[in-house]
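Chain residues, written in single-letter form:
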Amino acid sequence: MAALPSYVAEAKPLPLDKRAPWYATTAQTYAGIMLWFVFWHEVPVGSGFKQFYSEFAGGTLAQGLGVAFLGLIVAALICHFLFYLVPGMLGMKTGLPLYIVGTSTYGVQGGFIMPGFLMGVLQFGWLAVNAYFSAMLLCAPFGAGAGSAAHSVVAAVWAIAAAFVGLKGIQYVAKVATFLPLIPLVILLILAAYTIGGVGQFDSAKLVGQFSGEKFQEVKPALSSFGVIALMSTYIVGFFATAGAAGADIASSNRDKKDVQLGGLVGVAGATIFAGGLSLLIVAGAFGLDLTKGDPILQTSALMTHIVGEKTAAVFWYLLAIAAFPPACFSSLIAANSFKTTLPKVNPFISCGIGTLVAIVLAVTGAAGNAVDVFKVIGASFGPICGAMLADYLLAGCKWPGPRAGFNPAGWISWFVGFVIGSIDLVAKYVPQLVVLSGKIPAPPVVAFVAGFVLYFLLAKAGMVSQSLPMPANTQEQ
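None of the values given here were measured: they were computed from a predicted structure.

Visitor: Would you explain the overall build of the protein chain in this entry?
Guide: Each helix and strand counted, the protein chain has 21 helices and two strands in total. Rg of the C-alpha trace for the protein chain: 22 Å, near the compact-globule value of 23 Å for 478 residues, within the 12% margin. Along the first, second and third principal axes, the C-alpha atoms of the protein chain reach 70 × 45 × 40 Å. Scored against the burial criterion, the 478 residues of the protein chain give a buried share of 57%. With an accessible surface of roughly 18,300 Å², the protein chain has 69% of that area assigned to carbon and sulfur atoms. Each charge class in the protein chain can be summarised by its mean position, and for the 23 positive and 17 negative side chains these summaries are 8 Å apart.

Visitor: How do you make sense of the side chain of Q210 when you look at a structure like this?
Guide: Within the fold, Q210 resides in the loop between helix 11 (204–209) and helix 12 (225–245). Apart from the residues within four sequence positions on either side, Q210 is in contact with F216, F287, G294, D295 and P296.

Visitor: Honestly, unusual backbone geometry in this entry has me stumped. Any pointers?
Guide: The phi angle of most residues is negative, glycine excepted, and most peptide bonds adopt the trans form. At the junction of M114 and P115, the peptide bond is cis and its omega measures out at 10° in the coordinates. Topologically, P115 is positioned in helix 7 (residues 110–139). The phi torsion at D290 lies on the positive side, around 55°, for a residue other than glycine. Summarising the element assignment, D290 is placed in the loop between helix 14 (257–288) and helix 15 (304–308). Although it is not a glycine, A443 sits at a positive phi angle of roughly 50°. Position of A443 relative to the elements: it lies in the loop between helix 20 (424–430) and helix 21 (444–461). Its relative accessible area of 11% is what places A443 among the buried residues.

Visitor: Honestly, the packing of helix 4 (residues 65–94) against helix 18 (residues 371–395) in this entry has me stumped. Any pointers?
Guide: The packing of two helices is summarised by the inter-axis angle and the distance between the axes. Following both chains from N to C, one finds helix 4 and helix 18 inclined at 55°, their axes separated by 9 Å at the closest point. Taken together, the axis directions place helix 4 and helix 18 in an arrangement best described as oblique. Remark: the crossing between helix 4 and helix 18 carries left-handed chirality. Contacts between helix 4 and helix 18 involve L82, F83, V86, P87, M89, L90 and K93 on the former and, on the latter, F382, G383, C386, M389, L390 and Y393.

Visitor: Teacher, can you tell me more about the packing of aromatic side chains here?
Guide: Aromatic rings considered in pairs are described by the distance between their centres and by the relative angle of their planes. Applying the stated criterion across every chain, the model contains 24 aromatic pairs. Measuring from centroid to centroid gives 6.1 Å for W36 and F239, while their planes differ by 45°, and the two rings are tilted. Note that W36 is positioned in the loop between helix 2 (26–34) and helix 3 (37–40) and F239 in helix 12, a separation of 203 residues in sequence. A single burial state applies to W36 and to F239, both of which are buried. Connected via pairs of aromatic rings, a cluster forms that spans W36, F39, W126, Y235, F239 and F375.

Visitor: I tried to follow helix 17 (residues 348–365) on my own but got confused; where do I start?
Guide: In this model, helix 17 (18 residues) spans 25 Å end to end at C-alpha, consistent with the 26 Å of a helix rising 1.5 Å per residue. When we look at burial in helix 17, the residues that qualify are S351, C352, G355, T356, A359, I360 and A363. Summarising the contacts, the buried residues of helix 17 are in contact with helix 7, helix 8 (149–168) and helix 16 (310–342). The N-capping residue of helix 17, defined by a side-chain oxygen 2.8 Å from the backbone nitrogen of F349, is N347. Following helix 17 by one or two positions, G366 adopts a phi angle in the positive range, close to 90°.

Visitor: What's the story with the pattern of salt bridges in this structure? I'm lost.
Guide: If charged atoms from side chains of opposite charge come close, those side chains can pair. All chains considered together, the criterion is met by five salt bridges. In this structure, D295 and K215 form a salt bridge, with 3.8 Å as the shortest nitrogen-oxygen distance. Taken together, the residues span a long stretch of sequence, with D295 in the loop between helix 14 and helix 15 and K215 in the loop between helix 11 and helix 12 at a distance of 80 residues. Owing to a relative accessible area of 22%, D295 belongs among the partly exposed residues under this scheme. Across the pair D425 and K376 runs a salt bridge whose closest N-O atoms are separated by 3.5 Å. Placement of D425 in helix 20 and of K376 in helix 18 is noted, with a sequence separation of 49 residues between them. Here the two residues D425 and K376 agree in accessibility, since each one is buried.

Visitor: Looking at this model, I keep getting lost on the nonpolar core. Mind explaining?
Guide: Counting 142 residues, the largest nonpolar core has F37, F39, F240 and M304 as its most contacted members. Sort the elements by how many residues they give to this core and helix 7 lands first, with 16 residues. Judged by nonpolar contacts, the second largest core, of six residues, contains F56, V67, L223 and L231.

Visitor: What am I meant to see in the environment of E55 here?
Guide: Here E55 lies in the loop between strand 2 (53–54) and helix 4. Residues E55 and G166, 111 residues apart in the sequence, show an inter-C-alpha distance of 34 Å. Side chain to side chain, E55 and S47 meet in a polar contact 2.4 Å long. At 2.5 Å, the side chain of E55 forms a polar contact with the side chain of K220.

Visitor: Got a minute to help me understand the packing of helix 7 against helix 18 in this structure?
Guide: The geometry of helix 7 relative to helix 18 is characterised by a closest axis approach of 11 Å and an angle of 160° between their N-to-C directions. When the axis of helix 7 is compared with that of helix 18, the two are roughly antiparallel. Along this stretch, helix 7 crosses helix 18, giving a crossing that reads as left-handed. Across the interface between the two elements, M114, P115, L118, M119, L122, W126 and V129 from helix 7 touch V374, F375, I378, S381, F382 and I385 from helix 18.

Visitor: Explain the side chain of T242 to me, please; I cannot follow it from the model alone.
Guide: In this fold, T242 is placed in helix 12. Among residues more than four places away in sequence, those in contact with T242 are M119, L122, Q123, W126, I378 and F382.

Visitor: In this structure, what is going on with a nonpolar patch on the surface? I would like to understand it.
Guide: Together, L343, V346, I350, I354, V358 and L362 give the surface a local cluster of nonpolar side chains, amounting to about 470 Å² of exposed area. On the secondary structure map, V346 appears in the loop between helix 16 and helix 17.

Visitor: Would you take a moment to explain the environment of G32 for this structure?
Guide: Note that G32 resides in helix 2. With 148 residues separating them along the chain, G32 and L180 place their C-alpha atoms 8.2 Å apart.

Visitor: Even after reading the chapter, I still don't get the environment of G285, so can you show me in this structure?
Guide: Locating G285 in the fold gives a position in helix 14. The sequence separation of G285 and A192 amounts to 93 residues, and the corresponding C-alpha distance is 8.0 Å. When sequence neighbours within four positions are dropped, the list of residues in contact with G285 reads T195, G198 and V199.

What counts as what
Residues numbered from 1 in each chain as written. Predicted model: local features only at pLDDT ≥ 70, side-chain atom pairs only at ≥ 80, totals over all residues. Heavy atoms only, no water. Helix = DSSP H or I, 4+ residues; strand = E, 2+ residues; numbered from the N terminus. Rg over C-alpha atoms; globule rule 2.2 N^0.38 Å. Buried < 20%, exposed > 50% of the residue type's maximum accessible area, 1.4 Å probe, protein only. Areas by Shrake-Rupley, 256 points an atom, 1.4 Å probe, with all protein chains shown as cover. Lys, Arg positive; Asp, Glu negative; His and termini not counted. Charge placed at Lys NZ, Arg CZ, Asp CG, Glu CD. Contact = heavy atoms within 4.5 Å. Axes fitted to C-alpha atoms, helices over the stretch in contact; angles between N-to-C directions. Parallel < 35°, antiparallel > 145°, perpendicular 65-115°, else oblique. Left-handed = near helix turned anticlockwise from the far one by under 90°. Phe/Tyr/Trp six-rings, centres within 6.5 Å; stacked < 30°, edge-to-face > 60°. Expected span 1.5 Å × (residues − 1). Polar contact = N/O pair within 3.5 Å; in protein donor to acceptor, adjacent residues only side chain to side chain. Salt bridge = Lys/Arg side-chain N within 4 Å of Asp/Glu carboxyl O. Core = buried A, V, L, I, M, F, W, Y, C linked by side-chain atoms within 4.5 Å. Patch = residues over 30% accessible without salt bridge, like charges linked within 9 Å, V, L, I, M, F, W, Y side chains within 5 Å.

Below you can see the structure in the form of structure tokens.
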């Protein structure tokens, strides 16, 4: 029988007496993620064009608030039930982190790379997005936008500072991170109070009509109702995908199934609908009150000058940037922990330093500013992972099957096919022969999830799974 690697054999589950209620762990953690301004200020945009505008006329509000909210709710429920719940249950039942429970799906050798190493690599994509948008807010009061020297310097310093704190001082940031999500919460409520009176006068057709003239000649036509719902799922599920898989780590501190369910319903689905919904209402209300005077800006943070004035908006931007710093540090911490596990012989300052340099390049060049493309890569990467984990969990009778030897074929084949399907729009940009497939797959992260689930289920039923390995008694399911 194949030997169990030390990183699996020596894993220590979190004892039951160290667990805490859902509202003090899971819900609080996920609510902080979904209240991050980088998520909610892009919800009305859906897919960006020239910073503040949507790639599609009218963005996600093109068919009105009703359709936009339907898409938001559908995406939020997908995040909870498909991407978070099973990793969360596995974490709660075993008390073990993702890179351990993932060894049943990808094998003890394969799991070392995915989801373990992959989770670390993708965190630098998050760091790039954080640095790009935080620098945008910090530079905006001085009239410096993306591509300017000031934005590049601030983004670089931001990424370096977050990476350093993530490596050496995250415990100090964690002490204040619990309260910082209150900043975007209060700002959202203030903006909603200013604009709620215009929601009744919002006219989606009028908004779509404002995307005209030479300035918007590259903008695509307004999406259909189905297109809006699919774009919402692409954006929101792509944003959430890695956080969903990390539910194994986050929910390992939960006491029982009720904690996992309530933590997700409140912190994942509830916080997504709350933050994204307020963002939609704020933008709709601003257009209903004609605060933009015909300029169809859909990015919520960019609308603040029209809603509360330049001076107050500048204060809000700086507060939102401050509240975004801990998430940047946490991304760096996750990456550092991943690299310390998967690359134990490499100094984490070197491995994380290289990752930070890549993040800076993405932020400075503006690549990180196209949030939907970033989220498509993340969704394509982790969609099939979450799908395969669900299939593995169900086939094992709703419990953790335990580690498997080597590289589990069912896991790796299902991931590769799911990733290709989920990333086809991006691949088509660089492979002209595949352009015909671009835009043909609605909500790629969700389709990637389905592909991962179906393929793993079928391949496992066909016997394409590697040998099961016994776990030591101290790591048995609790």
